[in-house]
Amino acid sequence: MKFMKLGSKPDSFQSEGNDVRFVGSELATDIVVNIGDVKFYLHKFPLLSKSARLQKMVASTTDDNNDEIDIPDIPGGPASFEICAKFCYGMTVTLNAYNVIAARCTAEYLEMNESTEKGNLVYKIDVFLNTSIFRSWKDSIIALHTTRSLLSWSKDLKIVAHCIESIASKASMDPSKVEWSYTYNRKKLPSENGLDLDRNGVRKQQTVPKDWWVEDLCELDIDFYKRVIVSIKNQARTSVGVIGEALRAYTLRRLPRLGKGCHQNGDVTKHRLLVETMVGLLPVERGCVSCGFLLTLLRAASVLDCGEGLKRELVKRVGRQLEEASVNDLLIPATVGENTVYDVDVVMNIVEEFVMRGRGSQGVCVEEEIIGRSPVVVAPDISGALMVTVANLIDGYLAEVSKDPNLPLSKFLDLAEMVSDASRPTHDGLYRAIDMYLKVHPGLSKSERKKICALMDCRELSVEACTHAIQNERLPLRVVVQVLFFEQARASASPTPNVHPQNGGSLGSSRSATINVEEEWDTLPTAEELKTLKGELASMRLMGRKGSERSLGSGSSSSNNNNAKPKGGVSKKIFSRLWSGKGSSNGGGENSSSDTSGSPVSGNLEESSKSTPSRNTRHSVS
């Protein structure tokens, strides 16, 4: 820290209690200066010789009471007045970054300038500021801090502007040219302790990171911080990534963890200002900050009830880089008054923004709605890999929000359908979300179960998911049987000997002989039925493996095909009822008389089992 000593005489100021200060001298004092609650017993000559304001005040007093004056509004208070008084006496005083601004304001108030005496205090402090304080990174930040209590005076004297300019210019420097101890909030580097040596025993050159200044600026109040960042951006020598990291570090330092309905003892206004300021300072370039940080701001904006324009700005930004987000990032608490735990509507808006990125062949100009931003050009194309990533993200999000018993089915369906089937190479994640919703919402009607199960294509489930689904008591019976059918069809389409479902026996359950009504397929399976279906799948897989071994040993033949047939395959009667209906399907709606839109509808199950339908058409599994 830089400092300056003024005067050479010993300090003879003494105290008498907390509210009396006097100069120890053989000469009796002849003036009393009241600064707030503190009385200073001093001598007129040294004070009046350097302060034009004190001269005027003494001259304006009455003859009866010309030895006492009151100065209630002096900037800096008693401490800074004492520094000025000591300077008048020629006593030694030490100025540094902590007290120099207050002393400068007090000297200005007392008119201790060159017109009163050459080399007066104002001149000396200005030289110290320009040659030392403003040239030091650490001292500039400390000095800017101290202007908070003297803001009006500091602004008029342009001290605040000089501090901000000094800080911004140093932060914008090429890191290779930074030679000072570049941050005072960090631990010393090994090179600074003489411990970082190369193989030849020579000290390595210290490398300064690009964001070396980020942590130090977190000490600034929000209004000063905003002005410094704006100045750094205006100098256009710092990358947007470093500026984004600075904003993230400041926000995480200043913004507490906020939950639904959180009120921080009157600090809501302060935190709301912080969020609004950070959003306003974000560079317009995509990717300047992480998607997780944007969602942190959006979560805070929701909890703190920030303006709708600011929320829309954040939704647009998140939508442009949604593929970077995690499920936890998207768990934004619902606003006060909502019955749900999480704000699903805002996530739907984000997904909509993401989908818009893939529309059109030219760049899309997205208008910014707040703070007079310039338009941003968004990349029009989204690769298939990004779509798959977002689809997995949304399926994971649905599995989490499904744990909320108050989540309406309509919101679950709408969000799930925003992601196309083509973006889901597997429906395992969607199946987990559906299963969780069915578990937490056991009171769903038959039609509601049909709707939610219609989202899932059983052909796109992995072997593990199929195994789980066949044993899942929460799924309607038709879904369980359909999973089994596709699992058998998948095995039949393999190079192993063919296993035809029409050649098998009965389902192995009394239900196969008693299914006479379409609605019975929508009931939940019994434990006995699940056990039977599980046995059918195990038998089918066993026969497939045995057939494969025979094929490898003696080649394929008609005798091998006959031997590979499972003894208890699912009956043709049941599959025919599953695939055919009285009318065409409409995608799993309540009034549909057929439950497999786009599925094979003929009774030729042998042909159906040999080929897997195309993935381009969604099939109802309700």
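Everything quoted here is computed from the prediction, not taken from an experiment. All residue numbers refer to position in the chain's written sequence, counted from 1. For this predicted model, a pLDDT threshold of at least 70 governs which residues receive local features, and a threshold of 80 or more governs which side-chain atom pairs are given and counted, while totals over whole chains, interfaces and linings are taken from all residues. Computation of side-chain values covers all heavy atoms of the structure but excludes hydrogens and water.

A. The arrangement of the overall build of the protein chain in detail. Runs of E in the DSSP output that reach at least two residues are strands. Runs of H or I that reach at least four are helices, and both are numbered from the N terminus. When its secondary structure is counted, the protein chain shows 27 helices and nine strands. Relative accessibility under 20% of the residue-type maximum defines a buried residue, over 50% an exposed one, and the middle range a partly exposed one, all with a 1.4 Å probe and only protein chains included. Taking all 622 residues of the protein chain together, 49% fall into the buried category. Contacts between residues were defined by any pair of non-hydrogen atoms, one from each residue, lying within 4.5 Å. Considering only intrachain contacts with a sequence separation of at least 6, the fraction spanning at least 24 residues in the protein chain is 71%. Summed over all atoms, the accessible surface of the protein chain reaches about 29,500 Å², with 49% contributed by carbon and sulfur. Note that accessible areas follow from Shrake-Rupley with a 1.4 Å probe, and for residues the cover is restricted to the protein chains shown.

B. Fine view of the confidence of the model for the protein chain. The quantity called pLDDT is the predictor's confidence in a given residue, expressed from 0 to 100. The predicted model of the protein chain averages 79 in pLDDT, with 68% of residues at 70 or higher. Least confident of the elements in the protein chain is helix 27 (residues 605–610), whose mean pLDDT is 35; most confident is helix 4 (residues 100–109), at 98. For residues 496–518, every residue scores under 50 in pLDDT, and the model assigns this stretch 66 contacts once sequence neighbours within four places are set aside. A low-confidence stretch, residues 554–573 stays under pLDDT 50, and its non-local contacts, those more than four residues away or across chains, total 40 contacts.

C. Local environment of the packing of helix 13 (residues 291–303) against helix 14 (residues 308–320). The convention used is that axes are lines fitted to C-alpha atoms, helices contributing only their stretch in contact, and that angles between N-to-C directions extend from 0 to 180 degrees. Interaxial distance between helix 13 and helix 14 falls to 10 Å at its minimum, and their mutual angle equals 155 degrees. Judged by the inter-axis angle, helix 13 sits roughly antiparallel to helix 14. By crossing handedness, the relation of helix 13 to helix 14 is classed as left-handed. Facing helix 13, whose interface residues are Cys-291, Leu-294, Leu-295, Leu-297, Leu-298, Ala-301 and Ser-302, helix 14 presents Leu-310, Lys-311, Leu-314, Val-315, Arg-317 and Val-318. Here the residues of the contact of helix 13 with helix 14 are counted per class, giving ten nonpolar, one polar and two charged. Put simply, angles under 35 degrees are roughly parallel, angles over 145 are roughly antiparallel, angles from 65 to 115 are roughly perpendicular, and the rest are oblique. Crossing handedness is read from the near helix: turned anticlockwise from the far helix by less than a right angle, it gives a left-handed crossing, and turned clockwise, a right-handed one. Lys, Arg, Asp and Glu make up the charged group, whereas Ala, Val, Leu, Ile, Met, Phe, Trp, Tyr, Cys and Pro make up the nonpolar group; the residues left over, Gly among them, are polar.

D. Seen up close, the side chain of Asp-139. Secondary-structure assignment places Asp-139 in helix 6 (residues 137–146). One buried charged residue, Asp-139, forms no salt bridge at all, with the nearest opposite charge on Lys-138 at 6.1 Å. When neighbours within four sequence positions are excluded, Asp-139 is seen to be in contact with Met-1, Lys-2, Ala-97 and Ile-133. His is not counted here, nor are the chain ends, while Lys and Arg score as positive and Asp and Glu score as negative. What counts as a salt bridge is simple: a side-chain nitrogen of Lys or Arg found within 4 Å of a carboxyl oxygen of Asp or Glu.

E. Expanded view of the sheet that holds strand 2 (residues 13–15). Strand pairing follows a simple DSSP-based rule, namely that at least 2 bridges must link the two strands. Strand order in the open sheet formed by five strands is 2-3-5-4-6, with mixed pairing between adjacent strands. Each of the sheet's edge strands pairs with one partner strand only, and the pair in question is strand 2 and strand 6 (68–70). In this sheet, adjacent strand axes meet at a mean angle of 20 degrees when their direction is disregarded. Where strand 2 and strand 3 (residues 20–23) come together, three bridges link them in antiparallel fashion. Within strand 3, the position partnered with Ser-15 by the bridge is Arg-21.

F. Local environment of helix 21 (residues 463–470). Those residues of helix 21 not exposed but buried are Ala-465, Cys-466, Ala-469 and Ile-470. One side of helix 21 carries all its buried residues, which in axial view fall inside an arc of 135 degrees. Picture the helix axis, draw a direction to every C-beta atom, and the arc is the one those directions span.

G. Structural context of the pattern of salt bridges. Under the counting rule described, the total for this entry stands at 21 salt bridges. Salt-bridge contacts for Arg-104 lead to Asp-126; the nearest nitrogen and oxygen are separated by 2.7 Å. You can see Arg-104 sitting in helix 4 and its partner Asp-126 sitting in helix 5 (residues 121–131), a full 22 residues away along the chain. Residue classification places Asp-126 among the partly exposed residues on the basis of a relative accessible area of 27%. A salt bridge links Asp-345 to Lys-411; the nearest nitrogen and oxygen atoms lie 3.3 Å apart. Of the two residues, Asp-345 sits in helix 16 (residues 344–356) while Lys-411 sits in helix 18 (residues 409–417), which places them 66 residues apart along the sequence. Connected through salt bridges with shared partners, the residues Asp-11, Arg-21, Glu-82 and Lys-86 form a single ionic network.

H. Fine view of the nonpolar core. In this text, buried Ala, Val, Leu, Ile, Met, Phe, Trp, Tyr and Cys residues form a nonpolar core when linked through side-chain atoms within 4.5 Å. Residues Leu-42, Trp-213, Leu-217, Leu-322 and Ile-452 are the most contacted members of the largest nonpolar core, which totals 152 residues. Not counting the four nearest positions on each side in its chain, Leu-322 is found in contact with Cys-291, Leu-330, Ile-350, Val-351, Phe-354, Arg-357, Val-390 and Leu-393.

I. Focus on the packing of aromatic side chains. Centres within 6.5 Å are what make two rings of Phe, Tyr or Trp a pair, Trp counting through its six-membered ring; a difference in plane orientation under 30 degrees is then read as stacked, over 60 as edge-to-face, and the rest as tilted. With the rule as written, the count across this model stands at seven aromatic pairs. The interplanar angle of 85 degrees and the centroid separation of 6.1 Å between the aromatic rings of Phe-13 and Tyr-89 together place this pair among those described as edge-to-face. With Phe-13 in strand 2 and Tyr-89 in helix 3 (residues 77–89), the pair connects residues that are 76 residues apart, well separated along the chain. Exposure remark for Phe-13: the relative accessible area of 9% places this residue in the buried category. Positioned over the ring face of Tyr-109 is Arg-53, at 3.9 Å from the centre of the ring. Over the ring of Phe-224 we find Arg-148, and its NZ or CZ is 4.5 Å from the ring centre. A positively charged side chain is recorded as over a ring if its NZ (Lys) or CZ (Arg) lies within 6 Å of the ring centre. The angle to the ring normal must also be within 35 degrees.

J. How the structure looks around the packing of helix 4 against helix 5. Two numbers describe how helix 4 lies on helix 5: the axes approach to 9 Å, and their chain directions differ by 150 degrees. As summarised for this structure, helix 4 and helix 5 are arranged roughly antiparallel, according to the angle between their axes. By crossing handedness, the relation of helix 4 to helix 5 is classed as left-handed. Each of Val-100, Ile-101, Ala-103, Arg-104, Ala-107 and Glu-108 in helix 4 lies in contact with helix 5, whose residues at this interface are Leu-121, Val-122, Ile-125, Asp-126, Phe-128 and Leu-129.

K. A look at the environment of Val-479. In this fold, Val-479 is placed in helix 22 (residues 477–492). In sequence terms Val-479 and Ala-469 are ten residues apart; their C-alpha atoms lie 8.4 Å from each other.

L. Quick peek at the pairing of strand 3. Here strand 2 folds back onto strand 3 in antiparallel fashion, the turn holding four residues, of which Gly-17 has a positive phi close to 80 degrees. Two elements, strand 3 and strand 5 (residues 38–42), share three bridges in a ladder whose sense is parallel. Residue pairing in the sheet places Phe-22 in a bridge with Tyr-41 of strand 5.

M. Structural context of unusual backbone geometry. In this structure, Lys-158 is a non-glycine residue whose phi angle is positive, near 60 degrees. Topologically, Lys-158 is positioned in the loop between helix 7 (151–156) and helix 8 (159–171). For Lys-158, a relative accessible area of 53% gives the class exposed. One non-glycine residue, Ala-236, adopts positive backbone phi at about 55 degrees. Residue Ala-236 is classed as exposed on the basis of its relative accessible area, which comes to 63%.

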